[in-house]
Amino acid sequence: MTGPDDTAAALAAAGAYRRLAEQALADRPLARDGARALLGSPDEDLPAVLWAAFAARSRHFGRRVKLCVLQNARSGLCPEDCGYCSQSAVSTADIRRYRLLPVADLVAGARRAAATGAGRYCMVTSARGPSASDIAHFARAARAIRAELPELELCVSLGIMEEAQARTLGEAGVDFVNHNLNTSRRFYPAICSTHTYDDRRATVRGSTRAGLGACSGVIIGMGETHEDLIEVAGELSALAVTSLPVNFLHPIEGTPLGARPAPAAADCLRALALFRLTNPRAEIRAAGGRERALGAAQGLALFAANSIFVEGYLTTARPAPRGRARHDPRARLRGGRRGASRHGQNRANVM
C-alpha cells in the first residue's frame, strides 16, 4: 500500500479516532475535547490512535523517513538555567565542555552526516544566543558545506536569535533555525527563569520572517499536564512550524530534572499522535530521548513521525547507526536512495 490507499486503510483502522484524522486531513484545528480524548485514551485504543496519526502522516509524507544528524558545536558553558539541560549554568552533570568547533570540524561532521544517508544536518551551540562572531562562524561553515554538499539541508540551533542574524545565516545557505518552545506558556517558568516563553516565540517568528524554515518542538515528560501539551501543540500550529522535533526527557544526574522518571512509552506515542494531528503538514521528528522512553516501541513512533535523529545527540550517548536506518512503524525500514533536491523529504522508505 502506498499513497491514497495507505490513507484510506489508516482511516478505516482509526476507529473512534477517525474523526480526528479527518479533521487533520481537512486542515481543521483539533478541538480541545478531541485532543483530551486522544491523550487520555486507554491503552487498548493505542493502535487506533496511531492509525489516525498515520492517516495524516501518509497523506503528506507517504512512508518516507528523513534521517537527521545533530552536531554539538559547543558544549557546556551556557549561562541559562533550563532544568532539563546538562549544559546549563545550574547543572553539575559530568559532561564534556568545549569551545566552538572550527569550521573544518563542522564541515567534516556534515560529510559524516551525508555518508549515513542523512537529509538534514543541524549544528547546535550551548548559549543564550549567538554573538556576531558566532553568526559569522556558522555562515562560513554553511557556505563551505553548501559548496560541497548542496543536497544536504542545513539547520542551526544557536539560542535566542534576532531576525537579522537569521537572515545572514539564510543568505549563507542555512535552511532552518531550530528553537524549541519545549512546553506551554503556563508551565515554562517551572523549567527556566533566565529567559521567557516570548523570547522563544520571537526567535521562531523572526526566523520565519527572515525566510528560513521554522523548526520548533517540545520535550515530553518534564512534569507537564495534558492541557500543557494541547496548548503548546496549538501554539506550534499557530506559528506554522514546518519542522517539529518531539523530544522525550532523558533525566540526567546533576540537573534539576535529573530525578524525574522517563515518560511512559504509551504516553509518548499519544503525544506524537497529538502533534501529528494538530500539525498535519509539519515534519514531525522523533528526536532526543526516544531510545530510552520508547525502547522496543520505537518503530511505532513512525506512525506519527516522518523523521528521526540517527546520530549526534548533545551530551547523552546513543547507538551509532549501522548504514541506513532500520526503524519503521511495522518493525523495519527499506533503504531508499538519496533525495534529488535539498528540500527532498527523505532517505528511507517504510515497509
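Let me sum up the structure you'll find in this document. (Residues numbered from 1 in each chain as written. Predicted model: local features only at pLDDT ≥ 70, side-chain atom pairs only at ≥ 80, totals over all residues. Heavy atoms only, no water.)

Observations concerning the packing of helix H4 (residues 46-61) against helix H10 (residues 265-278)
Where H4 contacts H10, the axes come no closer than 9 Å and their chain directions differ by 35°. Note that H4 runs across H10; the crossing there is left-handed. Note on element contacts: H10 touches H4 through Ala-266, Leu-269, Arg-270, Ala-273, Arg-276 and Leu-277, opposite Leu-46, Val-49, Leu-50, Ala-52, Ala-53, Ala-56, Arg-57 and Phe-61. (Axes fitted to C-alpha atoms, helices over the stretch in contact; angles between N-to-C directions. Helix = DSSP H or I, 4+ residues; strand = E, 2+ residues; numbered from the N terminus. Left-handed = near helix turned anticlockwise from the far one by under 90°. Contact = heavy atoms within 4.5 Å.)

As for the pattern of salt bridges
Proximity of charged atoms lets side chains of opposite charge pair with each other. One pass over the structure, following the stated rule, counts 24 salt bridges. A salt bridge links Arg-270 to Asp-43, with the shortest nitrogen-to-oxygen separation between them at 2.5 Å. Of this pair, Arg-270 sits in helix H10 while Asp-43 sits in the loop between helix H3 (32-39) and H4, and the two are 227 residues apart along the sequence. With its nearest N and O atoms 2.8 Å apart, the salt bridge here joins Lys-66 to Glu-153. Of the two residues, Lys-66 is situated in strand S1 (residues 64-74) and Glu-153 in strand S3 (residues 153-157); the sequence distance between them amounts to 87 residues. Residue Lys-66 shares its accessibility class with Glu-153, and that shared class is buried. Among the charged side chains, a network of salt bridges with common partners joins Lys-66, Arg-120, Glu-153, Glu-283 and Arg-285. (Salt bridge = Lys/Arg side-chain N within 4 Å of Asp/Glu carboxyl O. Buried < 20%, exposed > 50% of the residue type's maximum accessible area, 1.4 Å probe, protein only.)

Observations regarding H3
Within H3, burial applies to Gly-34, Ala-35, Leu-38 and Leu-39. The buried side chains of H3 occupy one side of the element, clustering within an arc of 130° when seen end-on. Those residues of H3 that are buried are in contact with helix H2 (18-25), H4, helix H9 (226-238) and H10. (Arc of directions from axis to C-beta.)

A few points about the packing of helix H1 (residues 4-13) against H4
For any two helices packed against each other, one specifies the crossing angle of their axes together with the interaxial distance. At their nearest, the axes of H1 and H4 sit 8 Å apart, and the two run at 160° to each other. Judged by the inter-axis angle, H1 sits roughly antiparallel to H4. Crossing handedness for the pair H1 and H4: left-handed. Along the contact surface, H1 presents Asp-6, Thr-7, Ala-10, Leu-11 and Ala-13, while H4 presents Ala-48, Trp-51, Phe-54, Ala-55, Ser-58 and Arg-59. When grouped by side-chain class, the residues that make up the contact of H1 with H4 number seven nonpolar, two polar and two charged. (Parallel < 35°, antiparallel > 145°, perpendicular 65-115°, else oblique. Nonpolar A, V, L, I, M, F, W, Y, C, P; charged D, E, K, R; others polar.)

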